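# Observations on chain architecture
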Amino acid sequence: MTDESVLLEDLRAQKPGAAERAVRLHQGFLMMMVRPLVGEDLAHDVVQNTWIKALGAIDSFEGRSQFRTWLARIALNEAKGLLRKHHREVSLDSAEADGESPIANRFKKTGGWQAPPHTWHHETPDALLTEAELQECINKHLHRLPEAQRGVVMLREMGGMGFEEIAAELGLSEGNIRVLLHRARQAMHAMLDHFEEEGTC
């Protein structure tokens, strides 16, 4: 039985501490996902409402997707409802300001890697330290992405959602979603190249 299966069983049984474990695992992801849509001030409200609805409907989760993906859908619905209430729209202006990337040839036209990032090994304490530093660097650069790009990356790479589903949820074309993801991957790959060459973020 996987850790997620155990957590879901505990949530359904309303075991003490289960909800807190779920929040620790997924709160950061949900906050990073909804911030680009509703802004910092309203993100906490959206995520709080997401947890209330998710925990109240946990028995209806059938496991057809990852728990995180299910949470993401609830959060997106909450965010869209809030945007409608406030008559706000997601702006893509910052995403369209990108220039041509100097590493564009690292990607296929479909958006996949021409040359995937190297595999990281964990055989020594130094290697473990390096990976921890890399993870911190990734998080820092992820926060620096334009909001629209960051939102798509979170849904695709961390939420496990497909292009068609993301497009439907965000009200954008599938082509727009692919462009945003492509640009975000270019930026992150440039960061990985720099880290591998220089050892610094």
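### Considering the environment of Gly28
- Among the secondary structure elements, Gly28 is positioned in helix 2 (residues 18-38).
- In the structure, Gly28 is positioned 19 residues away from Val47 in sequence and 9.7 Å away in space, judged by C-alpha atoms.

### Thoughts on the confidence of the model for the protein chain
- On average, the protein chain scores 76 in pLDDT, and the residues at 70 or more come to 76%.
- Contacts from residues 89-104, a stretch scored under 50 in pLDDT, to residues over four places away or in other chains number 26 contacts.

### Comments concerning the side chain of Asp10
- Mapped onto the elements of the fold, Asp10 is located in helix 1 (residues 3-12).
- Under the relative-accessibility criterion, Asp10 is labelled buried at 10%.
- When near neighbours in sequence (up to four residues on either side) are disregarded, Asp10 contacts Lys15, Ala18 and Arg21.

### Focus: the packing of aromatic side chains
- For the structure on display, the rule yields three aromatic pairs.
- Geometrically, the ring pair formed by Phe61 and Trp70 is tilted, given 5.0 Å between the ring centres and 40° between the ring planes. Trp70 carries the same exposure label as Phe61, and that label is buried.
- Through pairs of rings, three or more aromatic residues link up here, namely Phe61, Phe67 and Trp70.
- Between the NZ or CZ atom of Arg68 and the centre of the ring of Phe29, over which it lies, the distance is 4.6 Å.
- One Lys or Arg, Arg178, reaches over the ring of Phe163 and ends 3.9 Å from the middle of that ring.

### Quick notes on helix 1
- All of the buried residues in helix 1 are Leu7, Leu8, Asp10 and Leu11. Along the axis of helix 1, the buried residues cluster in a sector spanning 160°; they form a single face.
- In the stretch just after helix 1, Gln14 is the one whose phi turns positive, near 55°.

### Regarding helix 3 (residues 40-56)
- Under the 1.5 Å per step criterion, the end-to-end length of helix 3 is 25 Å for 17 residues, consistent within 8% with the ideal 24 Å.
- When we look at burial in helix 3, the residues that qualify are Leu42, Ala43, Val46, Val47, Thr50, Trp51 and Ala54.

### Describing the pattern of salt bridges
- For the structure shown, the criterion picks out five salt bridges.
- With a shortest N-O distance of 3.4 Å, Lys15 and Asp10 are connected by a salt bridge.
- Accessibility expressed as a relative area gives 47% for Lys15, which makes it partly exposed.
- Between Glu165 and Arg73 there is a salt bridge, with its nearest N and O atoms 2.3 Å apart. Taken together, the residues span a long stretch of sequence, with Glu165 in helix 7 (residues 163-170) and Arg73 in helix 4 (residues 67-86) at a distance of 92 residues.
- By relative accessible area, Glu165 is classed as partly exposed at 23%.
- Overall, the relative accessible area of 26% leaves Arg73 in the partly exposed class.

### What to know about the environment of Arg12
- In this fold, Arg12 is placed in helix 1.
- Its relative accessible area of 33% is what places Arg12 among the partly exposed residues.
- If we skip the residues at most four places from it in the chain, Arg12 touches Ile58, Asp59 and Phe61.

What counts and how
- Residues numbered from 1 in each chain as written.
- Predicted model: local features only at pLDDT ≥ 70, side-chain atom pairs only at ≥ 80, totals over all residues.
- Heavy atoms only, no water.
- Helix = DSSP H or I, 4+ residues; strand = E, 2+ residues; numbered from the N terminus.
- pLDDT = per-residue confidence, 0-100.
- Contact = heavy atoms within 4.5 Å.
- Buried < 20%, exposed > 50% of the residue type's maximum accessible area, 1.4 Å probe, protein only.
- Phe/Tyr/Trp six-rings, centres within 6.5 Å; stacked < 30°, edge-to-face > 60°.
- Lys NZ or Arg CZ within 6 Å of the ring centre and 35° of its normal.
- Arc of directions from axis to C-beta.
- Expected span 1.5 Å × (residues − 1).
- Salt bridge = Lys/Arg side-chain N within 4 Å of Asp/Glu carboxyl O.

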